[in-house]
Amino acid sequence: RNLDRSEVKKIKGQAFKESNICKHYLVGFCPKHEELFHSTKRDLGSCSKVHSDAMKEELQGHPDKDKYIGQYEETLKRHLEELVRSADEWVARERRNIQDLNRALSETGPNEVAKAEIKKIQEQCSALLKEAEDLADVGNIEGSRAKTDM
């Protein structure tokens, strides 16, 4: 704010280089600005940097735009590759956890809560089948079919 004219001329057209400007946004895609995976375990959070179309235009008008775009795209590529690597590690870890749980379940069988639920469902099935048979015995085929479709 308190710059003399020569300093202002040096800065003009260079503001996109400032550290508070999101370089990923300048080259077209800021994963955090897009709020990918919002409200999930994989939430990336939000980007605290400035996302400005005016800064995009400033970059496009800069004589060394190709150099800066190349640098920013490379940084974005590395960031996206890290996100993919992190997600792949998370998926692999979750798969291992599920395999461990499935192995333990196959070795020990269902727990008491699951056994009680299985028994309850089996009893409900038996009751419905009995009702269907009773309805069929008295000639109510449609009613019997309705019971077996439940």
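Residues numbered from 1 in each chain as written. Predicted model: local features only at pLDDT ≥ 70, side-chain atom pairs only at ≥ 80, totals over all residues. Heavy atoms only, no water.

(A) Here's a closer look at the confidence of the model for the protein. For the protein, per-residue confidence averages 86 on the pLDDT scale, and 93% of positions sit at 70 or higher. Ranking the helices and strands of the protein by mean pLDDT puts helix 2 (residues 23-26) first, with 94, and helix 1 (residues 5-11) last, with 55. (pLDDT = per-residue confidence, 0-100. Helix = DSSP H or I, 4+ residues; strand = E, 2+ residues; numbered from the N terminus.)

(B) Main features of the layout of surface pockets. Taken as a whole, the largest pocket encloses approximately 170 Å³ of empty space. Considering the residues around the largest pocket, the lining is formed by L36, F37, R42, L44, L80, L83, V84, S86 and A87. Of the residues that constitute the lining of the largest pocket, the class distribution is 7 nonpolar, 1 polar and 1 charged. (1 Å grid on protein atoms, 1.4 Å probe; cavity = no way out; pocket = protein on both sides within 12 Å on 5 of 7 lines; lining within 4 Å. Points joined across faces, edges and corners; volume = space filled by probe spheres on them. Nonpolar A, V, L, I, M, F, W, Y, C, P; charged D, E, K, R; others polar.)

(C) Just the nonpolar core, in detail. Counting residues in hydrophobic clusters, the biggest one holds 10 residues: F16, I21, L26, V27, M55, L59, Y68, I69, Y72 and L76. Those elements that provide at least two residues to this core are helix 3 (53-61) and helix 4 (65-108). Broken down by element, this core gets its largest block of residues, 4 residues, from helix 4. The residues contacting M55, other than those within four sequence positions of it, are A15, F16, I21 and L26. (Core = buried A, V, L, I, M, F, W, Y, C linked by side-chain atoms within 4.5 Å. Buried < 20%, exposed > 50% of the residue type's maximum accessible area, 1.4 Å probe, protein only. Contact = heavy atoms within 4.5 Å.)

(D) Main features of the packing of aromatic side chains. The full count for this structure, using the stated rule, is 2 aromatic pairs. Between F16 and Y68 the ring centres are 5.4 Å apart and the planes differ by 80 degrees, which places this aromatic pair in the edge-to-face class. With F16 in the loop between helix 1 and helix 2 and Y68 in helix 4, the pair connects residues that are 52 residues apart, well separated along the chain. Its relative accessible area of 11% is what places Y68 among the buried residues. Both rings, one in Y68 and one in Y72, keep their centres 6.1 Å apart while their planes meet at 35 degrees; by these two values the pair is tilted. On the criterion of helical spacing, the pair formed by Y68 and Y72 is a turn pair, its members being 4 residues apart in helix 4. Accessibility expressed as a relative area gives 9% for Y72, which makes it buried. Taken together through their ring pairs, the aromatic side chains of F16, Y68 and Y72 make up a single cluster. The ring of Y25 has K56 sitting right over it, with the charged end atom 4.3 Å from the ring centre. (Phe/Tyr/Trp six-rings, centres within 6.5 Å; stacked < 30°, edge-to-face > 60°. Lys NZ or Arg CZ within 6 Å of the ring centre and 35° of its normal.)

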